Amino acid sequence: MDKKINIRSIDWEKIQTEKFIRTKRLRNIFTITAYIILTTWAIVSLLPMYWMFVCSFKHIGVSFSIEDIEFYPSNPTNENYINFLQLDAPPWISKRPVGRWFLNSLLIALLPTISNLIFDSMAGYALAKMRFPMKQAIFWAIVMTMMIPEIVILIPLYRMMFDFKWYNTYWALLFPGFAGVGGIFLFKQSIESLPTSIIEAARVDAASEPKIFFKIVLPLSKPILSVMGVFGFIGGWNSYFWPYLVTESNKLYTIQVGLTSLMGAGGGAGVTGTLTFGIDEYGQMLAGASMAAIPVIIIFFLLQKYIIQGITIGALKG
Amino acid sequence: MAGIRFENVTKIFHQEETRKSVVAVNNLNLEIPDGRFTVLLGPSGCGKTTTLRLIAGLEIPERGDIYIGDRRVTRTHPKERNIAMVFQDYALYPHMNVYNNLAFGLRNLRFPKREIEERVREVAKMLQIEELLERTPRELSGGQRQRVALGRAIVRHPEVYLMDEPLSNLDAKLRAEVRIELLELQRKLGTTTVYVTHDQVEAMTLGDIIVVMNNGIIQQIGKARDLYERPANIFVARFIGSPPMNLIKATIIRQDGLKVKIDDTLLDIPKEKCENLESYIDKEVILGIRPEDIKDAIILGKDKYIISTVDVIEYLGAEVLVHFHINSDKIVARLDSEVEIGKDRKWRAYFDTKKIQFFDPITENSIA
Ligand SMILES: Nc1ncnc2c1ncn2[C@@H]1O[C@H](COP(=O)(O)OP(=O)(O)OP(=O)(O)O)[C@@H](O)[C@H]1O
Ligand SMILES: [Mg+2]
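Residues numbered from 1 in each chain as written. Chains lettered and ligands numbered in written order. Predicted model: local features only at pLDDT ≥ 70, side-chain atom pairs only at ≥ 80, totals over all residues. Heavy atoms only, no water.

A.B. asks: Tell me about the site of ligand 1, and please be specific about residues and values.
C.D. replies: All names here are of chain B. Ser-44, Gly-45, Lys-48, Thr-49 and Thr-50 are the nearest of the 13 residues found near ligand 1. Within the contact set of ligand 1, an oxygen atom lies 2.5 Å away from a side-chain nitrogen or oxygen of Thr-49. Contacts to ligand 1 include Thr-50, whose side-chain N or O atom sits 2.5 Å from an oxygen atom. If you list the elements that add at least two residues to the shell around ligand 1, you get β1 (4-15), β2 (20-32) and α1 (48-56). Top element by residues in the shell around ligand 1 is α1. It accounts for 3 residues. (Near = heavy atom within 4 Å. Polar contact = N/O pair within 3.5 Å; in protein donor to acceptor, adjacent residues only side chain to side chain. Helix = DSSP H or I, 4+ residues; strand = E, 2+ residues; numbered from the N terminus.)

As structure tokens, this is what we get:
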């Protein structure tokens, strides 16, 4: 009975190799699974977009049924776009101001975002690096207001617009978005990570406080500025409910509000399982929606890097 | 150029987490002379950085006044103080290249473009960083960054340089090199310099004047030699010198004049010290002696010695450190040659009594 194992006879190298292969295989399985899940997810999310584009080049009519959904347009036509923009409408009828809608969307995507970047970065800097009384209290007050869901303040805000006589003006459309607390929080977190000594070095280097902010703090906050800028733009461009609430004349509509206004009074689900839209055609809507999606898609591809950063920043703070 | 004066300056920090108050600088009175290299020396947390930041205007004191030259600057913004500071982590502007790092301060002071260019080139040449001007701080080594940080201070031609442990991030060899360069530079520019360090070697080599601090209070101000040879109290005696001064419990007795008794041995006391020790007769004192003032009695052929027990002998090449003890006091002697120790580990230690010092065991201040 020789149960002694001769250590030298064990092929350590072989064991190591097998172990290596096993972990590698495991890693491969993991990667493949991840890819499958993510690809499915991507397809599911992209399909509606794709159909939107496809259907915008199709003649659909006033009702929309499941048969209308195709992977490629069988008889491609640009009539939806022409109709949506009313390019061939006779000159004596009053056209819908689609150009204004796009301009308004651009304004609501840009102006509040720019003002947010300015004010939030300043407030974030003050909270992160300056010393003043009640700093903690102010910070917590800001965090607290972040906890209040937007829907809760919607009605008071709406009434306020009436009291200010801002209803159905650009003020109501744009002004409430000019400062947001979420951004203050993100800027504070990001600026806090800058070494204080850099700011103090600038102070000793005879820089005034505004100069420190614009020449040192802002340039070093480029990542968070871009993230906030991109998200602000996309959020503003896609915003729907607030512009819908506070505008009445169609000259103040954003593209999103304008599109839904096309649905008219008879919009809703029909009894036969088809969607019907009273006055206008469904195809026109899809043409408009496709055009509205383009800026966001372009921005996404141009600034992908920052959007991903933004998602990670969001993940970190959450 | 200008000197700096502190008048009864107190700085208190209220720590948010612990809700405690720390007196970082306690009723400081200090005159930093014009054009000299002054070193603030002390252990971690003693208030050196705070003192420096008070001069810079990055902290405002709770009480007292600070003057640069004749100007009272207690509450003025740093940019009005005409000082330049080198930070421990260099604090270079990461988004600017070296040229712009150097030019930033001058631009803030609205210097004409041509003069900025001239000054930057001049300083870059002086510090041999001309080839680095286009690089960003990220692309520099530690030593190069340190130079740029120094350059950023020099280019301003300020009245005062403030430096907070500027060499602590360099490796030992580079640190020794830059130390010499720094000294030459200061001699050449002749600008008042206040330098913070916790490294006593650095302080001794650099400082015209050394200010030793502990717990926000100045312990002693003086030249390196003063601090080494006549420490004002036990704290300074321990802090300066490596290995530090030996401190031994002893008693003063009268027997043919004054004598000091260690263990059972009586040592003579130099005449000039006797007067101050009169009031300590038959009382305990702390005797201080530097390691190099303890010698081998046999080699010197002395017949007055203390028999001690050797613990360890450290051989360091040029010198030998003999660690021994008398009763409970651990003592180190620094000898320049090997010593012979018998099997019983007994060693005859000779104390050079001309060099001994005395401290009060309660106040810990020097008495003779
Ligand atoms: N901003 C601050 N807030 C609270 N306490 C502080 C602040 N700065 C310094 N202190 C405290 O003040 C005391 C002195 O600090 P200081 O930084 O001046 O020490 P130091 O001598 O420079 O030490 P080190 O050698 O570690 O740099 C310390 O107890 C420190 O904890
Ligand atoms: Mg310090």
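A.B. asks: Can you explain the pattern of salt bridges? Please cite residues and give values.
C.D. replies: Applying the stated criterion to the full structure yields 28 salt bridges over all chains. Of the charged contacts in the structure, one is a salt bridge between Glu-115 of chain B and Arg-119 of chain B, with a shortest N-O distance of 3.5 Å. Of the two residues, Glu-115 of chain B and Arg-119 of chain B are both situated in helix α3 (residues 113-126); the distance of 4 residues between them amounts to about one turn of the helix. Note that Arg-187 of chain B is salt-bridged to Asp-208 of chain B, the shortest N-O span being 3.1 Å. Residue Arg-187 of chain B is found in helix α5 (residues 172-189), and its partner Asp-208 of chain B is found in the loop between α6 (200-206) and β9 (209-214); the two are separated by 21 residues along the sequence. A residue is classified by how much of its surface remains accessible, and Arg-187 of chain B, at 47% relative accessible area, is partly exposed. You can call Asp-208 of chain B buried: its relative accessible area is 15%. Through salt bridges with shared partners, a single ionic network connects Arg-131 and Glu-200 of chain A together with Lys-11, Arg-53, Glu-59 and Glu-62 of chain B. (Salt bridge = Lys/Arg side-chain N within 4 Å of Asp/Glu carboxyl O. Buried < 20%, exposed > 50% of the residue type's maximum accessible area, 1.4 Å probe, protein only.)

A.B. asks: Describe the nonpolar core, naming the residues involved and giving the relevant values.
C.D. replies: Residue and element names in this part refer to chain B. Ranked by size, the top nonpolar core spans 52 residues in total, and within it Phe-6, Leu-162 and Val-194 carry the most contacts. Not counting chain neighbours up to four residues away, the residues in contact with Phe-6 comprise Leu-28, Asn-29, Leu-30, Ile-32, Thr-51, Leu-54, Ile-55, Asp-65 and Ile-66. Listed in part, the 45 residues of the second largest apolar core include Val-86, Leu-132, Leu-206 and Val-236. (Core = buried A, V, L, I, M, F, W, Y, C linked by side-chain atoms within 4.5 Å. Contact = heavy atoms within 4.5 Å.)

A.B. asks: Could you give me a rundown of the domain arrangement of chain B, with the residues and numbers involved?
C.D. replies: Residues and elements named next belong to chain B. Annotation of chain B at the domain level lists domain 1 (4-239) and domain 2 (246-359). Between the C-alpha centres of domain 1 and domain 2 the distance comes to 40 Å. Contact with domain 1, which involves 9 residues of that partner, is made by 6 residues of domain 2. Together domain 1 and domain 2 conceal approximately 660 Å² of surface at their shared face, both sides included; 55% is due to carbon and sulfur atoms. Per-residue buried area on domain 1 facing domain 2 is highest for Tyr-228, Ile-234 and Ala-237; these three make up 66% of the total on that side. Between the two partners, domain 1 and domain 2, sit 0 salt bridges. Taken together, the connections running from domain 1 to domain 2 amount to 3 residue pairs in polar contact (both at pLDDT 80 or more). Class assignment of the residues belonging to the side of domain 1 that touches domain 2 gives a composition of 5 nonpolar, 1 polar and 3 charged. (Domains from an automatic or database assignment. Buried area = accessible area lost by both parts, 1.4 Å probe. Nonpolar A, V, L, I, M, F, W, Y, C, P; charged D, E, K, R; others polar.)

A.B. asks: Explain the environment of Leu-303 of chain A to me, using residue names and the numbers behind them.
C.D. replies: Residues and elements named next belong to chain A. Structurally, Leu-303 is set in the loop between α13 (282-302) and α14 (304-317). With relative accessibility at 27%, the residue Leu-303 sits in the partly exposed group. Separated by 125 residues in the primary sequence, Leu-303 and Phe-178 have C-alpha atoms spaced 23 Å apart.

A.B. asks: How would you summarise the sheet that holds strand β6 (residues 83-86) of chain B if you had to cite specific residues and measurements?
C.D. replies: In sheet architecture, strand pairing relies on hydrogen bonds along the backbone and comes in two forms, parallel and antiparallel. Residue and element names in this part refer to chain B. With mixed pairing, 6 strands are arranged side by side in an open sheet as β6-β7-β8-β3-β9-β10. On the outer flanks of this sheet lie β6 and β10 (217-222), each paired with one strand and no other. Neighbouring strand axes in the sheet, compared pairwise and without regard to direction, differ in orientation by 20 degrees on average. The pairing of β9 with β10 spans 5 bridges and is classified as antiparallel. In the sheet register, Ile-210 faces β10, and the bridge partner there is Gly-222. Where helix α4 (residues 142-154) meets the sheet, its contacts fall on β6 and β7 (160-164), and the angle it forms with β6 comes to roughly 175 degrees. (Pairing = 2+ DSSP bridges. Axes fitted to C-alpha atoms, helices over the stretch in contact; angles between N-to-C directions.)

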